[in-house]
Amino acid sequence: MSSDPQASRPPPTPESSPERSQAPSRASASGAVEHAAPAASTGGKGRSPADRDAEPENGVFPIVGIGASAGGLDAFRRLLHHLPTRTGMAFVLIQHLDPAHPSLLVELLVGATRMPVREAVDGELVEPDHIYIIPPNCSLGLHHRRLLVLARREERGLHLPVDSFLQTLADDLGPKAIGVVLSGTGSDGTHGLKAIKAVGGMTFAQDEHSAEHFGMPGSAIAAGCVDLVLAPPEMACELARIARHPYLRQPARGIAELPGGNEEDLGKIFMVLRTHTGNDFSFYKRDTILRRIKRRMAVHRIDRLAEYVRYLQSEPEEIAKLFDDLLISVTGFFREPEAFDALREKVFPVLFAGSDVERPVRVWVPGCATGEEAYSIAIAMIDYLGDQATGTRIQIFGTDIDAKAIEKARAGLFAEPLVAHLEPEQLKRFFVKVAGGYEVAKPVRDLCIFAVQNLVKDPPFSRLDLVSCRNLMIYFGPPLQKQALQIFHYALEPNRFLMLGASESIGARADLFALLDQKTKIYTKKSNAPRLDPALMPRAFQSPVGAPVLPAAAGASEPIDLTEATDRMILKLYGPPGVVVSGDLDILLFRGETGRYLDPIPGTATLNLLKLARRELAVELRAAMQEARTSGTAVSKSRVWYRRNGIDAWVGLRVLPIDDGGPPDRLLVLFEETAAAEPGSVPAPGTTSEPPMPVDERIVGLERELTSTRDYLQSIITEQERNNEQLKSANEEIQSANEELQSTIEELETAKEELQSTNEELATVNCELENRNHDLAEANSDLGNLLVSVHLPVLILDANLRIRQFTPQAGGLLNLIASDRGRPIGNIKPNIEIPDLDTRVQTVIDQVTPQALEVQDKDGHWYSVRIRPYKSTENRIEGAVIAFVDVDEVKTSEARLRRALEQEQRLVALVKDADDAITMQGFDGSIRAWNQAAERIYGYRESDALAMPIERLIPPEAMALYRETIERLQRGECVDPFESTRMHADGRRVPVQIHPIALLDTRGNPYAFATTERPASTTDT
């Protein structure tokens, strides 16, 4: 489901999230008044009209399942505070609790509502206007509106009590189930909301602004299974309003009734859907369609169908949301495991027995949704083949009309709860653990090809070995079911397999498929069934209306082999006429002149042999065929009397079972004419003949035989007519279609040739795509390793400022998870504050000018944010790339250098303004620094002093002390202040007190020394 905000009536509040809607003022006011009014916890006295309106009809009331985790208690209290005391609904809170400590939820919630609050008890019947709390260290279920307290259940270390309860809630209540997910971490509740939405229930999630932890609500919203995203107060008002909506108050028998409209309004909805999506839902199950439409009307506070039609026309986004609702399907890996056991035992041995290396085993999964069924068949086949899987070619085609579901199927990425029930060995062998769940391993994905296809509109696949169409046709009306079965029959190879769901069957199309396994609904294709009805063919297979059928050119037939022509002549002259019949005694093939033995009766046309045969032969034919079928051997009747053109005649009957590997119970019936003996004729020598009987005796015997035959035949006819009553309607449809089939055979053959050529082209294209996919996989692998190895947080946005990709380092820095892909960057709460990020990124995209700024995270860590435009291979700007470079050490070094510089500046100022002479001298006798006080005391300017050696200042008698001082300083010794003499520029001796200090380099070694020299108080000498 799209995450774009939904335009709902009245308009959403500014802080609305996906499909957020605001409760009308009437409901809000009503809720406040009802909550404030005193009312007893039970009983019906003193109820206001609004309370009475909320009472459920026929005792069937909605139950609201509420899931929460971290931060959910406060949200639930706010929800209860704004709920009316009597809504006619029951509330069950599923909170993640510590299994080792008792729960205090009941005590904490009693003060938030006037409704009774109690901890759930095993077997307790749920009552309206009551609140039930899950006990600690257990799971909670619902069966026939009774709470079931179950032992704590974990799958691969995951305890998902919200999903578990919401699933049972959906199974038990169907459309009257309501699911709510409040604040919490993780993804518990997502699959439970999917189940509730699949059965027509309503779903809610807390919005990001009010949720303390957005993990659980965000996961459900990203999965597209949430109808309304609201804060707890608005959610309470919306629940109170929905409790009074006809969708939840109507009894089950009212589902098929139009909600305040007529058939024309329903037709308009079908037309709008077909125009915008290309799919016609007119022949889907009416109850299912109306339930989905009423659900959408309840979301938007619409009671009449005509008003909803106008809303569809004014809000194009609602068309897509209704389309998504109509396509909701519940699927999973290895759903109904007994079906896969039957595949391994009865289907796979046939498919892979001496399989042709050049011809792949082809499987079609129509209505595959997100691909779990197709991947399950692929895994089952690989597991069955074992070491032979590498050398066996397998093609599995998964199709669906939902493009978003097909994209998920192609990605092959499934959340951890979806695969939690699989065996550890299956997970290890066929899946790869990645961020966000488990990805189907590449060898399995390579077997599966997913495409968007309409089963009843687009051309089907051909030359298939298995069609798995489970739980799809239950949503089809009878015309679509018939058409789908015709398509499957056309697509399958002879004697190949069709697998349906547990609630599905082939209905009246037993002429197309034979039952192989009753429990798992596996059928085999009948090869003698009629070909595809052109009226039910996809449009791509039909010839233009009125297109002439060209006759075959004269002389265009292929030459016939001489031996074959000779055999045909011999069979025609000497072979007995006969027919081939099926197990239902329908004639499949005529051989020779059978007209003398067959006499069609007036009425509905038929190919049943017993109805076509002359009445005198029917009894003997039935008996002979029954005996041949029972014994499995040839049966002969030597002289069977019948009348032809008013003349007595005799014929010999021979019935032979046909065993050629085709369908069972087929028989060959031969008619061998026996000449009647002429009166007074003598048998030829060496032959035997029955003696002629007197005419009167023969007439009596014949009349007796005729009477018994008529009685027996009448009983058989009565029984046969009674058995055929159930098939009469199906036979009429088949007979009416046979004439059209004959005229389209040539067109089908032409279409078949075109399809074969198209398939060859597609095979070439597929080969090219496989090469490109291989290159793309290598490029993606290189890019993934590059992004991981650079250890840089990098975020890639698309042109709409939605998250396209990010590195693992960016996930931690910006608080991102795998499900955040596709979300607007403005909806993310990162750990680092970037001012005006949306505006900056949009500016970079629009002006193609990189930007850079420095920001700090919540811990004071510095990053340089560099925003650059994202260029495609076609040199188009399709987004932006944001890189976060860690500059914290650079910033720290800059601060340290700045402090050192400031300290040096203060030291320079101190030295410059000091009253004492401060100098820096090298151990080589050079002067390296000279302040103003030194100029005043010794009379040398700074420039002159820096250019002369220190010896000019030291008189000869002080030179020894100077050298001794230098040696001590070089050794690293500390020298105490001492008095000495220095020479003034004018030649005077200046007594000074000298304090020398050694200067050390970074390794601690003296490299120079500084002196502080102050004139002594004594006079010059």
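Residues numbered from 1 in each chain as written. Predicted model: local features only at pLDDT ≥ 70, side-chain atom pairs only at ≥ 80, totals over all residues. Heavy atoms only, no water.

The name given to the chain in an unreviewed UniProt entry is protein-glutamate O-methyltransferase, with Thiocapsa roseopersicina as the source organism. Its UniProt record gives the chain a comment under Catalytic activity (unreviewed entry), which states: "L-glutamyl-[protein] + S-adenosyl-L-methionine = [protein]-L-glutamate 5-O-methyl ester + S-adenosyl-L-homocysteine". (UniProt positions renumbered as here; feature names shortened; annotations may be inferred.)

Asker: Just checking my understanding: could you explain the pairing of strand β10 (residues 361-366) for this structure?
Answerer: Regular strands place their side chains on alternate faces of the sheet. Of all six residues that make up β10, six are buried, and the element is covered over most of its length. Alternating residues of β10 divide into Val361, Val363 and Val365 and Arg362, Trp364 and Pro366, and every residue in both groups is buried. Bridge count between β10 and strand β16 (residues 464-469): two bridges; the pairing is parallel. Bridge assignment links Trp364 to a residue of β16, and that residue is Val467. (Buried < 20%, exposed > 50% of the residue type's maximum accessible area, 1.4 Å probe, protein only. Helix = DSSP H or I, 4+ residues; strand = E, 2+ residues; numbered from the N terminus. Pairing = 2+ DSSP bridges.)

Asker: Would you take a moment to explain the pattern of salt bridges for this structure?
Answerer: Oppositely charged side chains can pair when the atoms bearing their charge come close. Under the defined criterion, the tally for this structure stands at 31 salt bridges. Residues participating in the shared-partner salt-bridge network are Lys197, Asp227, Arg295, Arg296 and Glu318. (Salt bridge = Lys/Arg side-chain N within 4 Å of Asp/Glu carboxyl O.)

Asker: Got a minute to help me understand the sheet that holds strand β26 (residues 803-806) in this structure?
Answerer: The five strands are arranged β26-β25-β29-β28-β27 in an open sheet whose pairing can be described as antiparallel. Strands with a single pairing partner mark the edges of an open sheet, and in this sheet they are β26 and β27 (851-856). Here the average twist between neighbouring strands, direction ignored, is 20°. Pairing of strand β28 (residues 862-871) with strand β29 (residues 877-886), which is carried by eight bridges, proceeds in the antiparallel orientation. (Axes fitted to C-alpha atoms, helices over the stretch in contact; angles between N-to-C directions.)

Asker: Hey, could you run me through the packing of aromatic side chains in this one?
Answerer: Each pair of aromatic rings is reported with the distance of its centres and the angle of its planes. On inspection of all chains with the given rule, the structure shows 18 aromatic pairs. Plain terms: the ring middles of Tyr375 and Phe414 are 6.1 Å apart, the flat faces sit at 85° to each other, and that makes the pair edge-to-face. With Tyr375 in helix α15 (residues 372-385) and Phe414 in strand β12 (residues 413-414), the pair connects residues that are 39 residues apart, well separated along the chain. One aromatic cluster is present, built from ring pairs that chain together Phe333, Tyr375, Phe414, Phe431 and Phe450. One cation-aromatic arrangement involves Arg145 over Phe61; the distance from NZ or CZ to the ring centre is 4.5 Å. If you follow Lys891 out to its NZ or CZ, it ends over the ring of Trp862, 4.7 Å from the centre. (Phe/Tyr/Trp six-rings, centres within 6.5 Å; stacked < 30°, edge-to-face > 60°. Lys NZ or Arg CZ within 6 Å of the ring centre and 35° of its normal.)

Asker: In this structure, what is going on with the nonpolar core? I would like to understand it.
Answerer: Here is a general trend for soluble globular proteins: nonpolar side chains tend to be buried in one another's company. Within the largest apolar cluster, 44 residues are counted, with the highest numbers of intra-cluster contacts made by Leu351, Met381, Ile396 and Phe431. Setting aside anything within four residues of it in sequence, one finds Ile396 in contact with Val363, Val365, Ala374, Ile377, Ala378, Met381, Leu447, Cys448 and Ile449. Membership of the second largest hydrophobic core comes to 35 residues, among which are Phe76, Leu79, Tyr247 and Val299. (Core = buried A, V, L, I, M, F, W, Y, C linked by side-chain atoms within 4.5 Å. Contact = heavy atoms within 4.5 Å.)

Asker: How should I be thinking about the packing of helix α12 (residues 305-314) against helix α13 (residues 316-326) in this particular structure?
Answerer: When two helices pack together, their arrangement is given by the angle between their axes and by how far apart the axes lie. Running from amino to carboxyl end, α12 crosses α13 at an angle of 110°, the nearest separation of the two axes being 5 Å. Comparing their axes, α13 and α12 come out roughly perpendicular. Within the contact between the two elements, α12 uses Tyr308, Tyr311, Leu312 and Ser314 and α13 uses Pro316, Glu318, Ile319 and Leu322. Here the contact of α12 with α13 is built from residues that sort into six nonpolar, one polar and one charged. (Parallel < 35°, antiparallel > 145°, perpendicular 65-115°, else oblique. Nonpolar A, V, L, I, M, F, W, Y, C, P; charged D, E, K, R; others polar.)

Asker: In this structure, what is going on with the sheet that holds strand β34 (residues 1006-1015)? I would like to understand it.
Answerer: Within a sheet, each strand pairs with its neighbour through backbone hydrogen bonds, oriented either parallel or antiparallel. Taken together, the five strands give an open sheet; going across it, the order is β31-β30-β34-β33-β32, and neighbouring strands pair in antiparallel fashion. Both edges of this open sheet fall to β31 (927-930) and β32 (978-983), since each of them pairs with a single strand only. Between one strand axis and the next, the sheet turns through 35° on average, direction left out of account. Sheet topology note: the β32/strand β33 (residues 989-1000) ladder contains six bridges and is antiparallel. When the sheet's bridge partners are listed, Glu979 is paired in β33 with Gln993. In the packing of helix α31 (residues 959-970) onto the sheet, contacts are made with β30 (917-921), β32, β33 and β34, and the angle to β34 comes to roughly 135°.

Asker: What is the right way to read the confidence of the model for the chain from this model?
Answerer: Reading fine detail from the predicted coordinates is not recommended where pLDDT is low. On average, residues of the chain score 78 in pLDDT, and 81% of them reach the 70 mark or higher. At the level of individual helices and strands, the chain shows its lowest average pLDDT in helix α1 (residues 25-36), which scores 33, and its highest in strand β7 (residues 177-181), which scores 93. Note on residues 1-58: pLDDT is under 50 here. Beyond four places in sequence and across chains, it has 128 contacts. Taken as a whole, residues 533-560 scores under 50 in pLDDT and shows 36 contacts with residues more than four places along the chain or in a different chain. (pLDDT = per-residue confidence, 0-100.)

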